[in-house]
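Here is what each chain is made of, one letter per residue.
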Amino acid sequence: MKSLMTLGGRLTKIRTFRNMTQAALGMACGFNPTNASIRISQYEMNKKTPKDDVIDKLAEALEISKYHLVDSEIEGIGFIIHLFWMEESNYSPFHFFPMRSANTHEDDDSVFSLPESYGEVYKHHHKDIGIAIENPGFDEFTEKWMEMKRKLISKEITRAEYFDWKIRWPDNADYPLPNYDAIEEFYETHPEGVTDK
C-alpha cells in the first residue's frame, strides 16, 4: 500500500476525500482532457513530481493548503504537516489534553497529571510525557489542534470535518504561525536557552 507520507499518497487521499476522479482533478488544473488522468496518476504513483505552478493549481482545485503537496523539510510548517500525516497514516495516534502540575493526587509520581474530565476520553496505562516548545506560535497551534481533537472525540465535528481542517492548515489559521526563524535567532543570542535567572 502506498504510504500517505509520500506526496503521491497525500494527493490520492485528498483527491478521494474531495470525491474527484483523476481526470476531473487534472482538467480542473487545466490539463488536456486526453491526458489529464494520466498526469494525476503519475503524481499519485510518485513517478513525477508536480512543479510549483502545478502544485498551486492542485491546491486551488482541491481547496487545501499547498503545503500538503510539497515535500518540505521537517522544520517549521513542514514539521506540523508531517505530524498531521503521521496521524493519518496511523503511525502515531496523537492525544491532546491540558496538563496539571504534579502532586494533585497523593500517589501521583509524574510531572504532570491528566484532568479527571479527560479520563473517559483518553486512558493510557503508561506514563505520559509532555513536550514544551519555546515558541508562542506553536503554543497557539497545539491549543487549536487539541480543541479540534476534543470536538472530534465528543462528536461535535465529524471525522471528515476534522480532516478538512487539517488539509486547509495553515491557510485557515487565525493565530500567529510557529516562528522558527525567531527560535533560531533566540538560540544564537542565548545559547544557554531559557533559564530561571
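Just above sits the structure.
If you're wondering where the values come from, they're calculated on a predicted model, not measured in any experiment. (Residues numbered from 1 in each chain as written. Predicted model: local features only at pLDDT ≥ 70, side-chain atom pairs only at ≥ 80, totals over all residues. Heavy atoms only, no water.)

Asks: Break down the overall build of the chain for me, with residues and values.
Replies: Along the chain, the regular secondary structure elements total eight helices and two strands. Scanning the chain from its N terminus toward the C terminus, one meets helices and strands in the order α-α-α-α-α-β-β-α-α-α. Of all intrachain contacts in the chain linking residues separated by at least 6 positions in sequence, the fraction that spans at least 24 positions is 58%. In the form shown here, the chain has an accessible surface area of approximately 12,500 Å², with 52% of it arising from carbon and sulfur atoms. (Helix = DSSP H or I, 4+ residues; strand = E, 2+ residues; numbered from the N terminus. Contact = heavy atoms within 4.5 Å. Areas by Shrake-Rupley, 256 points an atom, 1.4 Å probe, with all protein chains shown as cover.)

Asks: Quick rundown of the pattern of salt bridges? Include the residues and the values.
Replies: If the charged atoms of two oppositely charged side chains come close together, the side chains can form a pair. In total, this model carries 13 salt bridges according to the counting rule given. Note that E44 is salt-bridged to R15, the shortest N-O span being 2.5 Å. A residue pair is termed long-range when its members are at least 10 positions apart, and E44 in helix α3 (residues 36-44) and R15 in helix α1 (residues 7-17) qualify at 29 residues. Of the two residues examined, E44 and R15, each falls in the buried class. Taking the shortest distance from any N to any O, the salt bridge between D164 and R18 comes out at 2.7 Å. Taken together, the positions of D164 in helix α7 (residues 159-168) and R18 in the loop between α1 and α2 (22-28) put the pair 146 residues apart, joining distant regions of the chain. A residue is classified by how much of its surface remains accessible, and D164, at 17% relative accessible area, is buried. Overlapping salt bridges, with partners in common, bring together K13, E87, E88, K149, R159 and K166 in one network. (Salt bridge = Lys/Arg side-chain N within 4 Å of Asp/Glu carboxyl O. Buried < 20%, exposed > 50% of the residue type's maximum accessible area, 1.4 Å probe, protein only.)

Asks: I'd like a rundown of the nonpolar core, residues and numbers included.
Replies: Within the largest apolar cluster, 36 residues are counted, with the highest numbers of intra-cluster contacts made by L25, L58, F84, W85, F141, W165 and W169. Among the elements that line this core, the one with the most residues is helix α5 (residues 77-88), at seven residues. Excluding its chain neighbours within four sequence positions, the residues that come into contact with F84 are H68, F141, W145, W165, K166 and W169. (Core = buried A, V, L, I, M, F, W, Y, C linked by side-chain atoms within 4.5 Å.)

Asks: If you had to explain the packing of α1 against α7 to someone new, which residues and values would you point to?
Replies: Each pair of packed helices gets described by two things: the angle between the helix axes and the distance between those axes. Running from amino to carboxyl end, α1 crosses α7 at an angle of 130 degrees, the nearest separation of the two axes being 12 Å. In this view, α1 runs oblique relative to α7, as classed from their interaxial angle. α7 is crossed by α1, and the crossing has left-handed handedness. Judged by residue contacts, K13, I14 and F17 of α1 engage A160, F163, D164 and I167 from α7. Among the residues making up the contact of α1 with α7, the classes are represented as five nonpolar, no polar and two charged. (Axes fitted to C-alpha atoms, helices over the stretch in contact; angles between N-to-C directions. Parallel < 35°, antiparallel > 145°, perpendicular 65-115°, else oblique. Left-handed = near helix turned anticlockwise from the far one by under 90°. Nonpolar A, V, L, I, M, F, W, Y, C, P; charged D, E, K, R; others polar.)

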